[in-house]
Amino acid sequence: MIDGVATDSSIPSSDKPRRVRRTRMTGAERRQQLLEIGRTLFATKGFEGTSVEEIAAKAGVSKPVVYEHFGGKEGLYAVVVDREMRRLLDMVTSSLTAGHPRELCEQAAFALLDYIEEYTDGFRILVRDSPIPQSTGSFASLISDIATQVEDILGREFKSRGFDPKLAPLYAQALVGMVALTGQWWLDVRRPKKAEVAAHLVNLAWHGLDGLEPKPRLIGHRKS
């Protein structure tokens, strides 16, 4: 007791305010945190609608910390996009394990739909027009990379059926583009269920390929 005022020693320990200890993040942990926050904000607000101030505030850090790790909003966005593109490409590539061409079509369709379902924010970012150049290109170039893998599968199938394998790239682009655009539509509606969407995509793709004419002809009046 000092001048009638109780000191800390007279206050029961259970009544003393507890000091909350903050665990300091490592550089790698902080970088990962900023990437996840940026990914969410870019998906919901877009690149232009997201600010460094908001990213920093969500992370509980100052703006210079964001600049230290990524050099600014553009650098953070570029890393987020690169990671998502690699993730999607890896998922599609690793899914192509079956031997039968129809099952390969199913696996490719499921891989894209799985990515949309599991990494919705990432897909929303990828399908937007990128405001800055990316080291791994655009969503269109990613689809082209996936089509290149499908091209090899179609080339072998075309050859076995007596079709011109040189046309495989055209059909690969058409098939992958069909799945990608359907995926963009399914991103928001989420109906029918994923397996049903995959089944219908493969139904159109497989039976369309099954009924291919070796030399398709135009029936309208326009010929060029």
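Structure shown above.
Below is a summary of the structure that appears in this document. This structure is a prediction, so every number in the text was calculated from the model and none was measured. Every chain begins its residue count from 1, and numbering advances along the sequence as written. Note on the predicted model: pLDDT of at least 70 is required for a residue's local features to be given, and 80 or more for side-chain atom pairs to be given and counted; whole-chain, interface and lining totals, by contrast, use all residues. Each side-chain value is worked out from all heavy atoms of the structure, with water and hydrogens disregarded.

Considerations on helix 6 (residues 120-127)
- Think of it in three bands: residues with accessible area under 20% of the maximum for their type are buried, residues over 50% are exposed, and the middle band is partly exposed, with areas taken using a 1.4 Å probe on protein chains only. By definition, any uninterrupted DSSP run of H or I lasting at least four residues is a helix, any uninterrupted run of E lasting at least two residues is a strand, and each is numbered from the N terminus. For helix 6, the full list of buried residues reads Thr120, Gly122, Phe123, Ile125 and Leu126.
- Should any heavy atoms of two residues lie within 4.5 Å, those residues are counted as being in contact. Those residues of helix 6 that are buried lie in contact with helix 1 (27-49), helix 4 (73-95), helix 5 (101-118), helix 7 (139-161) and helix 8 (168-189).

Overview of the pattern of salt bridges
- Any Lys or Arg side-chain nitrogen located within 4 Å of an Asp or Glu carboxyl oxygen qualifies as a salt bridge. Applying the stated criterion to the full structure yields 9 salt bridges.
- Between Lys45 and Glu54 there is a salt bridge whose closest N-O contact spans 2.6 Å.
- What makes Lys45 partly exposed here is its relative accessible area of 43%.
- With a shortest N-O distance of 2.8 Å, Glu84 and Arg87 are connected by a salt bridge. Within this pair, Glu84 and its partner Arg87 are both found in helix 4, separated by 3 residues, close to a single helical turn.

What about the nonpolar core?
- To form a nonpolar core, buried Ala, Val, Leu, Ile, Met, Phe, Trp, Tyr and Cys residues must be joined to one another through side-chain atoms within 4.5 Å. In this structure, Ile55, Leu88, Leu126 and Leu154 are the most contacted members of the largest nonpolar core, which totals 57 residues.
- Among the elements that take part in this core, helix 8 stands out by supplying 9 residues, more than any other.
- Apart from the residues lying within four places of it in its own chain, the contact partners of Leu88 are Leu112, Tyr115, Leu126, Phe139 and Leu142.

Let's talk about the packing of aromatic side chains
- Classification of ring pairs uses Phe, Tyr and Trp, with its six-membered ring standing for Trp, and accepts pairs whose centres are within 6.5 Å; under 30 degrees between planes counts as stacked, over 60 as edge-to-face, and the remaining range as tilted. One pass over the structure, following the stated rule, counts 8 aromatic pairs.
- On the numbers, 5.0 Å between centres and 85 degrees between planes, the contact of Phe42 with Tyr77 is edge-to-face. Here Tyr77 lies in helix 4 and Phe42 lies in helix 1, a separation of 35 residues in the sequence.
- Relative to Phe123, the ring of Tyr115 has its centre 6.3 Å away and its plane inclined at 70 degrees; by these criteria the two rings are edge-to-face.
- Three or more aromatic residues joined by ring pairs form one cluster here, namely Tyr115, Tyr119, Phe123 and Phe139.
- The aromatic ring of Tyr119 is capped on one face by Arg87, whose charged end is 4.1 Å from the ring centroid.
- By definition, being over a ring means that NZ of Lys or CZ of Arg is both within 6 Å of the ring centre and within 35 degrees of the ring normal. Positioned over the ring face of Trp186 is Arg190, at 5.2 Å from the centre of the ring.

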